[in-house]
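Read off the chains here:
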Amino acid sequence: MDGFLYQVMAGLATGGIYASLALALVMIYQATHLVNFAQGEMAMFSTYLAWSLLEAGMPYWAAFGLTVAISFVLGILIERIVVRPVENAPVLAVVTVFIALLVILNSLAGWIYTYTIKPFPSPFPKEPLFGVHFLSPHELGAICVTLLVLAALYVFFRFTPLGLAMRAAAQNPASARLVGIRVGWMLALGWGLAAAVGAVAGMMVAPIVYLDPNMMSGILLYAFAAALVGGIDSPFGAVIGGFAVGVLENVLGAFVIGNELKLSVALVIIIGVLLVKPSGFFGKVHVSRV
Amino acid sequence: MLLETKNLRAGYGQTRVLHGLDFAIEKGSITALLGANGAGKTTTLRALCAMVKTQGEIRFDGASLAGLATEDIVRRGVAHVPDGRGTFLHLSTEENLRLGAYTRRERRTVEADVERMFGYFPRLRERRAQQAGTLSGGEQQMLAVSRALMLAPKLMLLDEPSFGLAPLLVRELFAILREIRSREGVSMLLVEQNAAMALDLADRAYLIETGRVVLQGTSQELKNNDSVRRSYLGY
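Residues numbered from 1 in each chain as written. Chains lettered and ligands numbered in written order. Predicted model: local features only at pLDDT ≥ 70, side-chain atom pairs only at ≥ 80, totals over all residues.

**A short note on the interface of chain A and chain B**
Part 1 of the reasoning: If you look at the interface, chain A gives 15 residues, while chain B gives 19 residues.
Part 2 of the reasoning: The greatest single-element share of the side of chain A that touches chain B, amounting to six residues, is contributed by helix α6 (residues 161-171) of chain A. (Contact = placed C-beta atoms within 7 Å. Helix = DSSP H or I, 4+ residues; strand = E, 2+ residues; numbered from the N terminus.)

**Let's talk about the pairing of strand β3 (residues 30-34) of chain B**
All names here are of chain B.
Part 1 of the reasoning: Within β3, five of the five residues are buried, leaving the element largely enclosed by the surrounding structure.
Part 2 of the reasoning: A two-sided burial pattern is seen for β3, the buried positions comprising I30, A32 and L34 on one face and T31 and L33 on the other.
Part 3 of the reasoning: As judged from the five bridges shared by β3 and strand β8 (residues 187-192), these two strands associate in the parallel manner. In the sheet register, I30 faces β8, and the bridge partner there is M188.
Part 4 of the reasoning: As judged from the four bridges shared by β3 and strand β9 (residues 204-209), these two strands associate in the parallel manner. Bridging from a neighbouring strand, T31 pairs with R204 of β9. (Buried ≥ 20, exposed ≤ 12 C-beta atoms within 10 Å, placed from the backbone. Pairing = 2+ DSSP bridges.)

**Re helix α2 (residues 39-55) of chain A**
Part 1 of the reasoning: Compared with an ideal rise of 1.5 Å per residue, which puts 17 residues at 24 Å, α2(A) spans 25 Å between its outermost C-alpha atoms and is within 8% of the ideal.
Part 2 of the reasoning: Positive phi shows up at A:G57, right after α2(A), with a value of about 100°. (Expected span 1.5 Å × (residues − 1).)

**What to know about the packing of helix α9 (residues 215-230) of chain A against helix α11 (residues 262-276) of chain A**
Residue and element names in this part refer to chain A.
Part 1 of the reasoning: As a packed pair, α9 and α11 sit with axes 9 Å apart at the nearest point and diverge in direction by 30°. Considering their axes alone, α9 and α11 lie roughly parallel with respect to each other. Where α9 crosses over α11, the handedness of that crossing is left-handed. Each of G218, L221, Y222, F224, A225, L228 and V229 in α9 lies in contact with α11, whose residues at this interface are L263, A266, I269, I270, V273 and L274.
Part 2 of the reasoning: For the contact of α9 with α11, the class distribution of residues is 12 nonpolar, one polar and no charged. (Axes fitted to C-alpha atoms, helices over the stretch in contact; angles between N-to-C directions. Parallel < 35°, antiparallel > 145°, perpendicular 65-115°, else oblique. Left-handed = near helix turned anticlockwise from the far one by under 90°. Nonpolar A, V, L, I, M, F, W, Y, C, P; charged D, E, K, R; others polar.)

This is how it looks when you write it as structure tokens:
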């Protein structure tokens, strides 16, 4: 029983990271109706930035904050420079841009930092946090950081005029312009936020999976699964989906199918959701009149 | 003059819809644009907000609107109640209202204005926290008018506010528009299919046919015009 509980808790820890990344995917999906395949590589690149800052001798939390800020700006720049020009292009063209972004960021990281696997420090102490023994301090810390990020985003989107304007711009751009919202900037801001959230996810997962240019490929798959389970257009669903996928992956990996087949859990979830409930558990069902 | 257009032309892609429209709106007045389906009424409103490609001159409040983006024109005080109502379907009624005041900086008066809108349209108060998509057509129209008023606009563009509403609701809505004009002094440009209602409310009116002004005058003059009477008032 203790083993089971341990696996569930560890699942929640990684699930929080999937939840953050899934939320970043949903944020961009809501604004553009497209899935940003480069989301994982953006997070990976941010993590390397953090590593550089730490190597340069910066204290952890300062490097953490600076990385989040830089990622935010980079996210905005990516939207302005790369995504903006294909705004009205066919879906396939935009997807190609996203995949190109994925490949470019991956190669760039490999070129700058080499493909050698690097350890990435955890900011949390070695002794158990808050007297909790069934979770490693890093796992518990990562859960707390994730929950803080999610809460901050919730408050931002729910209670600030700017958050409301971003939701309005994503939902109904034409109407948003008519109340004076600069829709283009709201989209850019969305990319910035998604990049910042991804950066936190990257820094929280790096101590577990180690730092290398391909560190996020598997995690992005779980995030896709999480976003789909929750419903690709539901931020709340993405978060729940993230934790659910994390727990499921860990429990199945430990007791049923073994660690080697863990990643296929994500694929099975993706295919299963698409077959049985394409709108996810919290997503809107789209009905069109013909 | 609050708004003046000269040789206003606009269209969609290769198709020209407005072929040189000249009209003016006096400060504090209600002006009606009448015309059959496809005459270019909605396009005129869209042209004023730069929602379509436009040529020609538009002067608003003493300055040219040429080259400005929709959101900048809105920031100068032009509120548009669009065709189809433009409701933010997944946001609450109150959030829809607050969005109307997005460009205003003084947060405190916004609170008071939300209450003032609920005063005009008590039904919206009952629906305050409800998702706007679940509102009836009439309620969404009230919401669209209130959202536009939340901007504290100088000019309000109303695109067929009577569309899809029951006759009783239309009368109620027009009575409130009249009240809003006298209380807030906001000028209105009203596009309507329901010519009788529009002429009752408006001070002046323009009749457009295939993208050109064919007749203009005070509402009374248009009511007395034989061809308007036969074609648009139906008696």
